[in-house]
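# Secondary and tertiary structure notes
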Amino acid sequence: QNWDSEANSPERRILHDYLIWREELNSVQEIGAFRTVVLNLIAPGAQPESVSVAAMSASGFRLARVQPLMGRYLVEDDEREGAAPVLVIGANVWRSRFAGDRAILERTVQLGATPHSIVGVMPEGFAFPLNHRFWVPLRAGSVQPEPLTGPDLMVFGRLAPDATLERAQAELTAVG
């Protein structure tokens with residue numbers, strides 16, 4: 001994470017850094033990012049509910065190394081500006097909110113003002129990155145943001161097979 005030394009706290013507005021890191025770092029095999037947003041879930045036949053949603057990069061699912069129970073998880077194409085809005089849900093949501101409907105992948109629900117197609121169900125117990133049960137694509141946009149702009153993000157990664165934490169830290173310091 002980036003650290004704001006003046007405020008003595010993490011600097012979460014790091015979209016600029018995330019976009020650079022995922023292109024330039026060699027010691028980190030995969031880099032992902034997410035932010036938590038709270039949206040109203042509106043589904044036919046159920047009361048609207050306020051839910052915490054992880055707007056997450058598709059690489060986060062590869063980092064977690066967990067296959068979906070049904071359908072698919074997010075892919076890079078979902079992150080494109082203009083891509084159809086999609087949603088992945090957890091198995092507990094699928095069972096409790098949608099009664100384990102086997103046709104769940106054909107359903108559309110509304111998150112906030114936007115209809116989303118459910119494309120996947122993650123297995124029981126999957127709650128990556130922070131106890132999340134709903135996932136939508138993180139859309140960084142097509143414009144390179146300036147430093148310290150954009151939404152608050154948490155960034156995570158997995159070291160490349162032959163990399164050390166020290167080498168990764170040195171590379172992060174050099175990239176900036």
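Since this is a predicted model, take the numbers as computed values, not measurements. (Residues numbered from 1 in each chain as written. Predicted model: local features only at pLDDT ≥ 70, side-chain atom pairs only at ≥ 80, totals over all residues. Heavy atoms only, no water.)

### Quick notes on the pairing of strand 3 (residues 28-42)
One ladder, built from 6 bridges, connects strand 3 with strand 10 (residues 154-159); its direction is antiparallel. The residue of strand 10 that forms the bridge with E30 is R158. Pairing of strand 3 with strand 4 (residues 49-56), which is carried by 8 bridges, proceeds in the antiparallel orientation. Bridging across to strand 4, F34 finds its partner in M56. If you look at the hairpin formed by strand 3 and strand 4, you'll find 6 residues sitting between the two strands, and G45 has a positive phi there, around 80°. Both strand 3 and strand 7 (residues 108-111) contribute to a ladder of 2 bridges, which runs antiparallel. Residue pairing in the sheet places I42 in a bridge with Q110 of strand 7. (Pairing = 2+ DSSP bridges. Helix = DSSP H or I, 4+ residues; strand = E, 2+ residues; numbered from the N terminus.)

### Regarding the environment of A54
Residue placement: A54 occurs in strand 4. For A54, a relative accessible area of 0% translates into the label buried. Distance from A54 to P137, taken between C-alpha atoms, is 8.2 Å for residues 83 residues apart in sequence. Beyond its immediate stretch of four places on either side in the chain, A54 contacts R35, P129, H132, F134, W135 and V136. (Buried < 20%, exposed > 50% of the residue type's maximum accessible area, 1.4 Å probe, protein only. Contact = heavy atoms within 4.5 Å.)

### Overview of the side chain of E171
Position of E171 among the secondary structure elements: in helix 4 (residues 165-175). Notably, E171 is buried but unbridged: the nearest opposite-charge side chain belongs to R167, and the N-O separation is 5.3 Å. (Lys, Arg positive; Asp, Glu negative; His and termini not counted. Salt bridge = Lys/Arg side-chain N within 4 Å of Asp/Glu carboxyl O.)

### A look at the packing of helix 1 (residues 15-24) against helix 4
At a closest axis distance of 11 Å, the pairing of helix 1 and helix 4 adopts a crossing angle of 125°. Relative to helix 4, the element helix 1 lies oblique. Helix 4 is crossed by helix 1, and the crossing has right-handed handedness. Mapping the contact onto sequence places I20, W21 and E24 in helix 1 and E171, L172 and V175 in helix 4. Here the contact of helix 1 with helix 4 is composed, by residue class, of 4 nonpolar, no polar and 2 charged. (Axes fitted to C-alpha atoms, helices over the stretch in contact; angles between N-to-C directions. Parallel < 35°, antiparallel > 145°, perpendicular 65-115°, else oblique. Left-handed = near helix turned anticlockwise from the far one by under 90°. Nonpolar A, V, L, I, M, F, W, Y, C, P; charged D, E, K, R; others polar.)

### Examining the pairing of strand 4
Pairing of strand 4 with strand 9 (residues 134-137), which is carried by 3 bridges, proceeds in the parallel orientation. Directly across from A55, in strand 9, lies its bridge partner V136.

### Quick word on unusual backbone geometry
The peptide bond linking F128 to P129 adopts the cis configuration, its omega dihedral lying at 0°. Take P129: it is sitting in the loop between strand 8 (114-122) and strand 9. A positive phi angle, close to 60°, is found at R65, a residue other than glycine. With respect to the helices, strands and loops of the structure, R65 is situated in the loop between helix 2 (59-64) and strand 5 (70-71). The backbone of N131 sits at a positive phi, close to 60°, despite the residue not being glycine. Inspection of the secondary structure assignment puts N131 in the loop between strand 8 and strand 9.

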